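Now for the letters of each chain:
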Amino acid sequence: MRAEGLRMAAALGPECGTAEVFREWAEDSAYRRVQLAALLAGHPVSVNAHGPDRICGLGPVENDAGADTEVEVLYSISARPIRRPATRRLLQHSP
């Protein structure tokens, strides 16, 4: 997840406040250890941030299709445990 958080931060750019959330989370090894323990205990984990963005060319004005529309965007990276059924191993016993 750390690599994905850094990738998200890079994609959002250095000036983006939302990207800072992902950068700080990626550097917080103590918190990521807490999240790893939660994941190993069977709980989902995530890192989330939100911020403004713009949809270009989708104008709010009826006659101005070239204008931008401001939107609030939620970015989230999450992981959940994958439960596998218990398997029974048969050991061969040699007489």
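Residues numbered from 1 in each chain as written. Predicted model: local features only at pLDDT ≥ 70, side-chain atom pairs only at ≥ 80, totals over all residues. Heavy atoms only, no water.

Asks: How should I be thinking about the overall build of the protein in this particular structure?
Replies: What the protein contains, in helices and strands, is 3 helices and 2 strands. The burial tally for the protein puts 22% of its 95 residues in the buried class. By element, 55% of the accessible surface of the protein is carried by carbon and sulfur atoms, the whole surface being about 7,700 Å². (Helix = DSSP H or I, 4+ residues; strand = E, 2+ residues; numbered from the N terminus. Buried < 20%, exposed > 50% of the residue type's maximum accessible area, 1.4 Å probe, protein only. Areas by Shrake-Rupley, 256 points an atom, 1.4 Å probe, with all protein chains shown as cover.)

Asks: What exactly am I supposed to notice about the nonpolar core here?
Replies: One broad trend across soluble globular proteins is that nonpolar side chains are buried collectively. Residues Met8, Ala9, Ala19, Phe22, Trp25, Ala26, Val47, Ala49, Tyr75 and Ile77 constitute the largest nonpolar core, which totals 10 residues. Put simply, the parts of the chain that give this core at least two residues each are helix H1 (2–12), helix H2 (17–27), strand E1 (45–55) and strand E2 (69–79). The element best represented in this core is H2, accounting for 4 residues. Those residues in contact with Ala49 that sit more than four places away from it in its chain are Thr18, Val21, Phe22, Val73, Leu74 and Tyr75. (Core = buried A, V, L, I, M, F, W, Y, C linked by side-chain atoms within 4.5 Å. Contact = heavy atoms within 4.5 Å.)

Asks: Got a minute to help me understand the pattern of salt bridges in this structure?
Replies: Pairing between side chains of opposite charge can happen when their charged atoms approach one another. Under the definition given, this model contains 3 salt bridges. With its nearest N and O atoms 3.2 Å apart, the salt bridge here joins Glu27 to Arg2. Of this pair, Glu27 sits in helix H2 while Arg2 sits in helix H1, and the two are 25 residues apart along the sequence. The partly exposed category is assigned to Arg2, whose relative accessible area is 33%. A salt bridge links Arg23 to Glu20; the shortest N-O distance between them is 3.2 Å. One end of the pair, Arg23, and the other, Glu20, are both in helix H2, 3 residues apart, so they sit about a helical turn from each other. (Salt bridge = Lys/Arg side-chain N within 4 Å of Asp/Glu carboxyl O.)

Asks: Could you clarify how one ought to interpret H1 in this entry?
Replies: Think of an α-helix as turning once every 3.6 residues; residues three or four places apart then point the same way. Restricting attention to buried positions, one finds in H1 the residues Gly5, Met8 and Ala9. Taken down its axis, H1 places every buried residue within 100° of arc, on the same side. Exposed and oriented more than 90 degrees from the buried face of H1 are Ala3, Arg7, Ala10 and Ala11. Lining the buried residues of H1 we find H2 and E2. A positive phi of about 105° marks Gly13, the residue just after H1. (Arc of directions from axis to C-beta.)

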